[in-house]
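An overview of the molecular structure
Below are the chains, spelled out letter by letter.
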Amino acid sequence: MTDASAEDVSSARDAASATRLTVDLGAIVRNWRTMSGLAAGAECAAVVKADAYGLGAEAVVPALSKAGCGTFFVATAAEGSRVRALAPDAILYVLDGVFPNAEPAFAADGLRPVLSSIEQAESWMPFAVSTDAPPVALHVDTGMNRLGLNASDLVAFDTEQLAPALVMSHLACADDPHHPKNAAQLRTLETLRARVSGVPASLANSAGILLGEAFRFDLVRPGIALYGGRPSRFAANPVEPVVTFEGRIAQVRSAAPGDTVGYGAMRTIRRSTRLAIVAAGYADGYMRAGGSSDTRTGAMAFVAGRHVPVMGRVSMDLIALDVTELPDGAARAGDWVELIGPNVGVDDAAAAAGTISYEILCGIGRRAERSYRGG
Ligand SMILES: *Cc1c(COP(=O)(O)O)cnc(C)c1O
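My aim in this report is to walk through the structure given alongside it, one point at a time. (Residues numbered from 1 in each chain as written. Predicted model: local features only at pLDDT ≥ 70, side-chain atom pairs only at ≥ 80, totals over all residues. Heavy atoms only, no water.)

1. As for the layout of surface pockets
- Approximately 760 Å³ is the volume found for the largest pocket.
- Taken together, 35 residues form the lining of the largest pocket, with Asp175, Asn205, Ile224, Ile356 and Tyr358 sitting closest to its centre.
- Elements with a contribution of two residues or more to the lining of the largest pocket: helix 3 (49-53), helix 10 (206-209), helix 11 (346-352) and helix 12 (357-363).
- Among the elements that line the lining of the largest pocket, the one with the most residues is helix 11, at 3 residues.
- Grouping the amino acids of the lining of the largest pocket by side-chain chemistry returns 19 nonpolar, 8 polar and 8 charged.
- Quantified by volume, the second largest pocket comes out at close to 210 Å³.
- Taken together, 16 residues line the second largest pocket, and the ones lying closest to its centre are Val261, Gly262, Leu275, Ile277 and Ala320.
- Those elements that provide at least two residues to the lining of the second largest pocket are strand 11 (243-255), strand 12 (260-261), strand 14 (273-278) and strand 17 (319-322).
- Of the residues forming the lining of the second largest pocket, the biggest block, 3 residues, is contributed by strand 11.
- Here the residues of the lining of the second largest pocket are counted per class, giving 8 nonpolar, 5 polar and 3 charged. (1 Å grid on protein atoms, 1.4 Å probe; cavity = no way out; pocket = protein on both sides within 12 Å on 5 of 7 lines; lining within 4 Å. Points joined across faces, edges and corners; volume = space filled by probe spheres on them. Helix = DSSP H or I, 4+ residues; strand = E, 2+ residues; numbered from the N terminus. Nonpolar A, V, L, I, M, F, W, Y, C, P; charged D, E, K, R; others polar.)

2. Here we look at the packing of helix 2 (residues 25-38) against helix 4 (residues 57-67)
- The geometry of helix 2 relative to helix 4 is characterised by a closest axis approach of 10 Å and an angle of 50 degrees between their N-to-C directions. Considering their axes alone, helix 2 and helix 4 lie oblique with respect to each other. The crossing of helix 2 and helix 4 is right-handed. Residues Leu25, Ile28, Val29, Trp32 and Arg33 of helix 2 form the contact with helix 4, whose own contacting residues are Ala59, Val60, Ala63, Leu64 and Ala67.
- In terms of residue class, the contact of helix 2 with helix 4 is made up of 9 nonpolar, no polar and 1 charged. (Axes fitted to C-alpha atoms, helices over the stretch in contact; angles between N-to-C directions. Parallel < 35°, antiparallel > 145°, perpendicular 65-115°, else oblique. Left-handed = near helix turned anticlockwise from the far one by under 90°. Contact = heavy atoms within 4.5 Å.)

3. Topic: the state of the cysteines
- Following the criterion strictly, the structure yields 0 disulfides and no others.
- Considering cysteine sulfurs only, Cys69 is the nearest to Cys44, which forms no disulfide, with 6.6 Å between them.
- According to the relative accessible area criterion, Cys44 is buried, its value standing at 4%. (Disulfide = S-S within 2.5 Å. Buried < 20%, exposed > 50% of the residue type's maximum accessible area, 1.4 Å probe, protein only.)

4. Brief notes about the packing of aromatic side chains
- One pass over the full model with this rule turns up 5 aromatic pairs.
- Summarising the aromatic geometry, the rings of Tyr53 and Tyr358 are spaced 6.0 Å apart at their centres and angled 35 degrees between planes, so their arrangement reads as tilted. Separated by 305 residues along the polypeptide, Tyr53 in helix 3 and Tyr358 in helix 12 bring together distant segments of the chain.
- In this structure Tyr53 comes out as buried when scored by relative accessible area, which is 6%.
- Seen in terms of ring centroids, Phe73 and Tyr93 are 5.1 Å apart; in terms of plane orientation they differ by 20 degrees. Their pairing is stacked. With Phe73 in strand 4 (residues 71-74) and Tyr93 in strand 5 (residues 91-94), this pair connects stretches of sequence that are 20 residues apart. The same class applies to Phe73 and to Tyr93, which are both buried.
- An aromatic cluster is defined as three or more aromatic residues linked by ring pairs; in this entry it consists of Tyr53, Tyr227 and Tyr358.
- Over the ring of Trp336 we find Arg20; its NZ or CZ atom is 3.9 Å from the centre of that ring. (Phe/Tyr/Trp six-rings, centres within 6.5 Å; stacked < 30°, edge-to-face > 60°. Lys NZ or Arg CZ within 6 Å of the ring centre and 35° of its normal.)

5. Remarks on the site of the ligand
- Lining the immediate environment of the ligand, one finds 14 residues, of which Lys49, Tyr53, Ser206, Ile224 and Tyr358 sit closest.
- Residue Lys49 places a side-chain N or O atom 2.7 Å away from an oxygen atom belonging to the ligand.
- In this structure, Asn205 approaches the ligand through a side-chain N or O atom, which is 3.0 Å from an oxygen atom.
- The cavity where the ligand resides is the largest pocket.
- Each residue belonging to the shell around the ligand can be placed in one class, and the counts come to 7 nonpolar, 4 polar and 3 charged. (Near = heavy atom within 4 Å. Polar contact = N/O pair within 3.5 Å; in protein donor to acceptor, adjacent residues only side chain to side chain. Sits in = over half its atoms within 2 Å of the grid points.)

Next comes the structure, spelled out in structure tokens:
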């Protein structure tokens, strides 16, 4: 045992950190302003469900509030209560609606339920007239068959009694502007909306905003674009990257032709290779499906100014990178490498793992040290 000072120990703990996530709140605010500009006159809300897509509602919500965002969407009432504490004056909608007997929780925190069935609307009704309950939104299904009242429900139901503050629907194929479902859903919403005349309407998520003016109605609901994900594969990305996710090199080692790398020996070494073993893995949210085998290429990382491939399977806490092409000494134990960030786009990382940016962001683990800048 040595007698290290508390200060030494604290700086050694910093030196010991293995993964880190940096969230650029300034970029989130700029992205919200960009989407707000594209919404051209419609109010721009922010979808902050799932802890602001995994990035931390505690930091994201105040930054967006300060920038002028006045309406937020969450998925559940529990999320709504957390966001209420962060944005006392904001309008908060709960997308998943109300479970039976949960109504008072909504009133307590001023949460507006997005009602999506006759049952929900009927159980809200007595509650709405007997207390100072918050207003509601009505979700109408226009073809996604996820949540929402059907056209026939709307006929059967006297919506005036509920006095909804918003009527909304959700697009199934907004990321593909050529999909005929978009126009069909738009027409259906326009028809259904006539039954709740005078009520503001909302249809567009991030990708929906790019579909054109007809889709924007009175309020737009971007989520992924705020966090730097490309809303549509068919349009240039209008937003800037938000997250940088880095891991640290634990060891650099040499491998010879015929050697294999990692679990399952899925990847055989073909040339004299230098491997950088990075202390990050699927426990940090680095997708296991981003690994590579002899027949499948995987994700890329960015080390000392170059893109390098992941080799073999991703473990719980470790990844192997092929750094043979880097100059000698360019990758050393202790160096940070970029796994997602300005040089390894979250959409590219997602594609390499056969998934979407949403799942990558929501999945970034609690083990990574988090820091926020800007905002
Ligand atoms: C998640 C969600 C959004 C936001 O979608 P993005 O594609 O992330 O912009 C909007 N509306 C509803 C109903 C949602 O569930």
